[in-house]
Structures are given as C-alpha cells and as structure tokens.
There are 2 protein chains.
Amino acid sequence: MSEHFFDQAVALTPEGDNAFRGAAHPAWANMVGPFGGITAASALNGVLSHPRLLGVPIALTVNYAAALGPGGYRLAAVPARTNRSTQHWTMAMTQPGTDGTEDTVLTATAVTAARRETWGLSDAPMPTAPAPQTLERFKPFGAEWLKRYDMRTVHGAVPSTWDGSGEHSLTQLWVRDEPGRPLDFLSLASLADVFYPRVWLRRATRVPAGTVSITTYFHADAAMLARSGTGYLFGQARGQAFSNGFFDQTAQLWNEGGELLATSHQIVYYKE
Amino acid sequence: MSEHFFDQAVALTPEGDNAFRGAAHPAWANMVGPFGGITAASALNGVLSHPRLLGVPIALTVNYAAALGPGGYRLAAVPARTNRSTQHWTMAMTQPGTDGTEDTVLTATAVTAARRETWGLSDAPMPTAPAPQTLERFKPFGAEWLKRYDMRTVHGAVPSTWDGSGEHSLTQLWVRDEPGRPLDFLSLASLADVFYPRVWLRRATRVPAGTVSITTYFHADAAMLARSGTGYLFGQARGQAFSNGFFDQTAQLWNEGGELLATSHQIVYYKE
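Residues numbered from 1 in each chain as written. Chains lettered and ligands numbered in written order. Predicted model: local features only at pLDDT ≥ 70, side-chain atom pairs only at ≥ 80, totals over all residues. Heavy atoms only, no water.

Undergrad: What is the right way to look at the pairing of strand S6 (residues 102-113) of chain B in this model?
TA: Successive side chains on a regular strand alternate, one facing one side of the sheet and the next facing the other. Residues and elements named next belong to chain B. Summarising burial for S6: 10 of the 12 residues are buried, a large majority. Bridge analysis of strand S3 (residues 56-64) against S6 gives eight bridges, and the strand direction is antiparallel. In the sheet register, Ala59 faces S6, and the bridge partner there is Val111. Judged from the 11 bridges that link them, strand S5 (residues 86-96) and S6 form a sheet pairing that is antiparallel. Paired with Ala92 across the bridge in S6 is Thr107. Connecting the antiparallel pair S5 and S6 is a turn made up of five residues, with Gly100 showing a positive phi of about 90°. (Buried < 20%, exposed > 50% of the residue type's maximum accessible area, 1.4 Å probe, protein only. Helix = DSSP H or I, 4+ residues; strand = E, 2+ residues; numbered from the N terminus. Pairing = 2+ DSSP bridges.)

Here it is as structure tokens:
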C-alpha cells in the first residue's frame, strides 16, 4: 500500500538538533511552488515531530518569503520557550541561494499547549447547507494540488465569467482529503488554505495573487479530530479589506457535526 | 514639553546590528507585566526603526512567551528576507533569566511592503453607532494602562455583575489615545489589543485570561493614517470558539470616516 500523498509531502528527516530536511512534492504543485497549505503543514510537522514537543498546536503563523523551489529544503524548528503548560516555537525554511548561502523562504511561529478541560462553547454556529453528497464535486483544473481535495461549493464558486461583476467575497464549501485520510492537526493546517483568492470573487476579475502570511488557531483537540475522522469539513472564507495591493481573508472550518475546529486568517498580495 | 507616554514606552536604543534595548514602562502596567498592545508596538518599533526597513507594515504576529519583567529587555529584529517589494522580519524579546542566560519572553514576525496603488474596497462596513461625544468615557480601574486610552463603549461593556448570564461575545467601542496622539502604525498595533477578554463577556464570569498570540493586518497606508489623525477609532471584537483553555478573538478597527484600518485576531488562554 503506498503512502497517502499528504504524508509523502509533509515527510521530514531529522538533521541534528532543531532541524529537519524535506522537499516540495510535485503532487501538490501550484502555479509557482507548492500549495501554501501543504507548506504550512510541513512547517508545523517540524514542531509535531520534535522530541521536545509539549502538548498540541494552538496557534500557527506562516510567512511565505519566497516561492519554495523544487530541490530539498532545511526546516529549523526551535522550542524558544517552554513553560509549564505552553511552548513557543520559531521555524524557518531555507534553501541554497545563488551565491551558495542559505536563503530564507519561510518564517513561522507556533504555540503548543497541554490543554485542560474547561467550560467552552462555539460562538460561530455552522451555516446551514445542503449535504455534500447532494452537490457536485469541483473539477480540478490548472493546478495539480486541486486534485488532492474533494471540494463541493455551497456558495461563492470561482466566477464562470471574468466580467468585473463581483458583489461579495464569501465562499462556503465542503472539503475533504482525496482520497480520504483521518483528520489531524497537519491536514487541518493545510485545509485552512484551500480557498481561492477572495479578490477573484469580489471583482470577478482574475489578477495575480498569493498568500503572504497565514495564521491558524486550532480549537480542536484529539477527541474532536477523532470525531471528524474522514468526513467533510465545512469551510467558509470572506475578505474584509482590499487595499493597495493586499487583502485579508478570515476563515472558519467546522466538521460535519458542526464543531468549530479551526479559525484562520491570511493576508494576500494582489496586483492591479 | 514631556514626551507622550506612548512614545516613552515604545522607545528603543540601537545595540549593534539587528538589535535594540528597551524597557517596560510603568504607565502601561497590566495585572502581570505591561499591556500586551504596547509590547506588540515595541516589537514592531524594532522593525520600523531598522536602517534596512523596506516599506510599511502589512502583517504583525506577536507571541507572548512569558510576562515581561520590569528590567530592560533586548529586542532582536532581523530582516530575514528582502524581496523587491516585500520584506520578512523575525523578532525576539529576551531578558536575563535566573541562571544568567537570556530567556525568550516574546517571539514575533512581521511583513513590510512597498504598497502600490490598486483597485480596492472595504467588504466590512463600519457598524452604525452614536457619536463618541454622546457616550460616557469608560472609567479606568484596576490596571494602570487603561488610563492611557479614552474608551467609550457602544455595545458589550464589561459585565456589571458576574452572574454567569452572558449571551454573546461582541464588544463595540470608540477608542483613542489619552491624551490625543496622531495615529501611526505603532499606536494602531497597540489599539488592536484594547478589548477585555471575550470570555468575561460571554460567561459573565471573571476568570484568569491572557493573550498568547496576536496577529494584526494593516490595511491603512500613510494617507489613511493622516486622515485618522487624533480622532476616535471604532473597534469591534468578538469570540468565535471557546475550547478547553483557549478562545479566539476577531477584531476590526475603523477610523471615524469609516475606513477599515486594521483587522486583528488573537488566541487567549483562560482558566476553568
């Protein structure tokens, strides 16, 4: 049995203390470099694979400094501070530059924590939507990574005509790994980035765009992940401001049971 | 004329390449250590004071690893990658630990960019609200830093009785520096953190809580800052998920003219 494409892509080999080796996987290719979600998951994997890890991920911020090239990369993952119940991580991905030195292609931070059972509730109920099985699967085209997900749009599909007629920036969809794979923190980190650029929807105009920085907060614990299993997640994304070359996106991911697993935000470069 | 408390608090002295010295200011004291907003602004100031700075802030993530102590701190601010129009920064604040080594008290990343004029719009209109002059100023109590802001609550005030009766997590308020100070990126970074813990409002129960990580996206450019001047900002904050020790907060800040200046997100530790 061959390993799932997701696991192949996030695989890391330890290289001394606080560092790993990995490589972009062609099955996750985007226009330039790999899909940002899989790169974020790879960076988080440096934390989750670290022998000194405390707890589970609470927050992850990934900054894309340059397109990840096809060769291997070095991932540094450093526990900068370990407290009694929280741990703070800094990560950096580097690749050999033209002059022989290592160039930074990604910087990141993460917080992990030993969760404790407390009072809790969701203040963002999942919107109502038709069941995923009743909707058509989005046909992957253009970028290879789109084949790695089964996406079924509920609202705010990619415009079919680029006529400048956009009126909102809200997309709602069902999504899961294709083929199915039990949800974990790594796949959740990747899924937070599956939404196409909000500027395309808002303007019904296709302009160059790319994520500069993404932050994901994990509300799921191991039990919530287990309850999610290989089911669909309901994802929602919306832009708040489009201003002189950058727009933001706020996103939520629920499981089929309506539990809010993660909230995510990103700032995206766009042209024109 | 004495310098504004804000400028006193974020002041830094260069210390060789890529590093500065600063100190927590007693005028911004919170329960434990200084108000997180002023610490975030201080970290950003390392970037904005750096001789190699390119452009203006687009994204800032600050992770609070430990309470900042009363002595001085060292702030490293490193341009990890400089592209044609964007620049990626990593920051770390350290203080001497008990064993003589430097302890990490804060990690952070930032992205700055040379903005270009593009198509743009706000997809998050400012809610309607009575003018700030018609509302009563929130009376600072408990924490010293509250005196540094003129806050006027529109909706979702701090509960007056802690009876477990909370029904939502939405706060809306007018806020400005007290005394007035022309808005800049540093004060905007600080203002993104003025909201009291959402868990207090949602539960009408006062439990220990503290920000673990905050990310702010800047939509304002120099012209929008100038238009904001010393006027009030309209701030809105809401929680999305409260789950086993951590809740998130999503926030927006508009100027009196209704321009969306910044969007911000944070994840907050809480007890019980």
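More follows now that the structure is in view.
Undergrad: Whenever I open this one, the interface of chain B and chain A confuses me. Can you help?
TA: When the parts of a complex come together, some accessible area is lost, and that lost area is often used as the size of the interface. Each partner contributes to the interface: chain B provides 60 residues, whereas chain A provides 60 residues. Roughly 5,100 Å² of surface becomes buried between chain B and chain A when both sides are summed, with 56% attributable to carbon and sulfur atoms. Per-residue buried area on chain B facing chain A is highest for Trp119, Gln240 and Asn244 of chain B; these three make up 14% of the total on that side. Where chain B packs against chain A, one counts two salt bridges. Inspection of the chain B/chain A interface yields 44 residue pairs in polar contact (both at pLDDT 80 or more). (Contact = heavy atoms within 4.5 Å. Buried area = accessible area lost by both parts, 1.4 Å probe. Salt bridge = Lys/Arg side-chain N within 4 Å of Asp/Glu carboxyl O. Polar contact = N/O pair within 3.5 Å; in protein donor to acceptor, adjacent residues only side chain to side chain.)

Undergrad: What's the story with the pairing of strand S13 (residues 260-270) of chain A in this structure? I'm lost.
TA: Residues and elements named next belong to chain A. The buried fraction of S13 is high, at 10 of 11 residues. The pairing of strand S10 (residues 209-218) with S13 spans nine bridges and is classified as antiparallel. Within S13, the position partnered with Gly210 by the bridge is Tyr269. By the bridge criterion, nine bridges tie strand S12 (residues 246-255) to S13 in an arrangement that is antiparallel. Along S13, the bridge assignment pairs Phe246 with Tyr269.

Undergrad: Looking at this structure, how should I read the packing of aromatic side chains?
TA: Geometrically, a pair of aromatic rings is defined through the distance of the ring centres and the angle of the planes. Taken as a whole and judged by the stated rule, the model has 34 aromatic pairs over all chains. Consider the rings of Phe234 of chain A and Trp254 of chain A, whose centres lie 6.0 Å apart with planes at 50°: the pair is tilted. Taken together, the positions of Phe234 of chain A in strand S11 (residues 233-243) and Trp254 of chain A in strand S12 put the pair 20 residues apart, joining distant regions of the chain. Both residues of the pair, Phe234 of chain A and Trp254 of chain A, count as buried. A network of ring pairs unites the aromatic residues Phe6, Trp28, Phe35, Trp145 and Tyr149 of chain A as a single cluster. A cation sits over an aromatic face here: Arg176 of chain B above Tyr232 of chain B, 5.2 Å from the ring centre. Against the face of Tyr196 of chain B rests Arg198 of chain B, its NZ or CZ located 4.7 Å from the ring centre. (Phe/Tyr/Trp six-rings, centres within 6.5 Å; stacked < 30°, edge-to-face > 60°. Lys NZ or Arg CZ within 6 Å of the ring centre and 35° of its normal.)

Undergrad: Explain unusual backbone geometry here, please?
TA: Peptide bonds are, in most cases, trans, and in most cases residues other than glycine have a negative phi. Residue and element names in this part refer to chain A. The peptide bond linking Glu178 to Pro179 adopts the cis configuration, its omega dihedral lying at 0°. When you line up the elements, Pro179 lands in the loop between strand S9 (171-177) and helix H3 (185-191). Of note in the backbone geometry, Ala204 takes a positive phi value of approximately 45° without being a glycine. Backbone geometry at Asn244 places phi at a positive 40°, although glycine is not the residue there. With respect to the helices and strands, the residue Asn244 is situated in the loop between S11 and S12. Since its relative accessible area comes to 16%, Asn244 is described here as buried.

Undergrad: Got a minute to help me understand the UniProt feature "domain: Acyl-CoA thioesterase-like N-terminal HotDog" (unreviewed entry) in chain A in this structure?
TA: As recorded in UniProt, the feature "domain: Acyl-CoA thioesterase-like N-terminal HotDog" (unreviewed entry) lies at residues 26-112 of chain A. Between the C-alpha atoms that bound residues 26-112 of chain A there is a distance of 30 Å. The span itself is 15% helix and 48% strand. (UniProt positions renumbered as here; feature names shortened; annotations may be inferred.)

Undergrad: Help me out: how do you make sense of the environment of Ala143 of chain B in this one?
TA: Residue and element names in this part refer to chain B. Here Ala143 shows up in the loop between strand S7 (121-122) and strand S8 (149-155). Looking at Ala143, the relative accessible area reads 7%, which means it is buried. The spatial distance from the C-alpha of Ala143 to the C-alpha of Pro34 is 9.5 Å, given a sequence separation of 109 residues.

Undergrad: I'm lost on the pattern of salt bridges in this one. Help?
TA: Pairs may arise between side chains of opposite charge once their charged atoms sit close together. Residues and elements named next belong to chain A. Under the defined criterion, the tally for this structure stands at 24 salt bridges over all chains. Note that Asp184 is salt-bridged to Arg181, the shortest N-O span being 2.8 Å. Accessibility expressed as a relative area gives 23% for Asp184, which makes it partly exposed. Overall, Arg181 belongs to the buried group, its relative accessible area being 9%. Among the ionic pairs, Arg227 bridges to Glu259, the shortest N-O distance being 2.7 Å.

Undergrad: Teacher, can you tell me more about the environment of Gly257 of chain B here?
TA: Among the secondary structure elements, Gly257 of chain B is positioned in the loop between strand S12 (246-255) and strand S13 (260-270). Distance in space between the C-alpha atoms of Gly257 of chain B and Met224 of chain B is 9.8 Å, their sequence separation being 33 residues.

Undergrad: Help me out: how do you make sense of the relation of the copies chain B and chain A in this one?
TA: The two chain copies are related to each other by a rotation about an axis together with a translation along it. Expressed as a screw operation, the relation of chain B to chain A combines 0.0 Å of axial shift with a rotation of 180°, fitting to an RMSD of 0.0 Å. Accordingly, the operation relating the two chain copies is best matched by a two-fold axis. Of the interface residues in chain B, 100% have counterparts in chain A that sit at the interface too, so the contact is made through matching surfaces. (Least-squares fit on C-alpha atoms with pLDDT ≥ 70 in both.)

Undergrad: Please explain the side chain of His4 of chain A as it appears in this structure.
TA: Residue and element names in this part refer to chain A. Of note, His4 is situated in the segment before helix H1 (5-10). A polar atom in the side chain of His4 sits 3.0 Å from the backbone nitrogen of Phe6. Setting aside residues up to four positions removed in sequence, His4 forms contacts with Asp177, Glu178, Pro179, Gly180 and Arg181.

Undergrad: What's the story with helix H2 (residues 36-48) of chain A in this structure? I'm lost.
TA: Counting along an α-helix, one turn takes 3.6 residues, and residues three or four places apart therefore face a common direction. Residue and element names in this part refer to chain A. Its 13 residues give H2 an end-to-end C-alpha distance of 18 Å, which sits within 8% of 18 Å, the value for a rise of 1.5 Å per residue. In terms of burial, H2 is largely enclosed, as 12 of its 13 residues are buried. What H2 keeps buried is the set Gly36, Gly37, Ile38, Thr39, Ala40, Ala41, Ser42, Ala43, Leu44, Asn45, Gly46 and Val47. (Expected span 1.5 Å × (residues − 1).)

Undergrad: How should I be thinking about the side chain of Asp221 of chain B in this particular structure?
TA: Along the chain, the position of Asp221 of chain B falls in the loop between strand S10 (209-218) and helix H5 (222-228). Although Asp221 of chain B lies buried, it forms no salt bridge, and the closest oppositely charged side chain, Arg227 of chain B, sits 5.0 Å away as judged by the N-O distance. There is a polar contact of 3.0 Å between the side chain of Asp221 of chain B and the backbone nitrogen of Met224 of chain B. Setting aside its immediate chain neighbours within four residues, Asp221 of chain B contacts Asn244 of chain A together with Arg115 and Phe185 of chain B. (Lys, Arg positive; Asp, Glu negative; His and termini not counted.)

Undergrad: Please clarify how the environment of Thr39 of chain A should be interpreted in this entry.
TA: All names here are of chain A. By the element assignment, Thr39 lies in helix H2. When the C-alpha atoms of Thr39 and Thr86 are compared, they prove to be 24 Å apart, with 47 residues separating the residues in sequence. Excluding residues that lie within four positions of it along the chain, Thr39 makes contacts with Pro34, Tyr64, Leu68, Met93 and Leu106.

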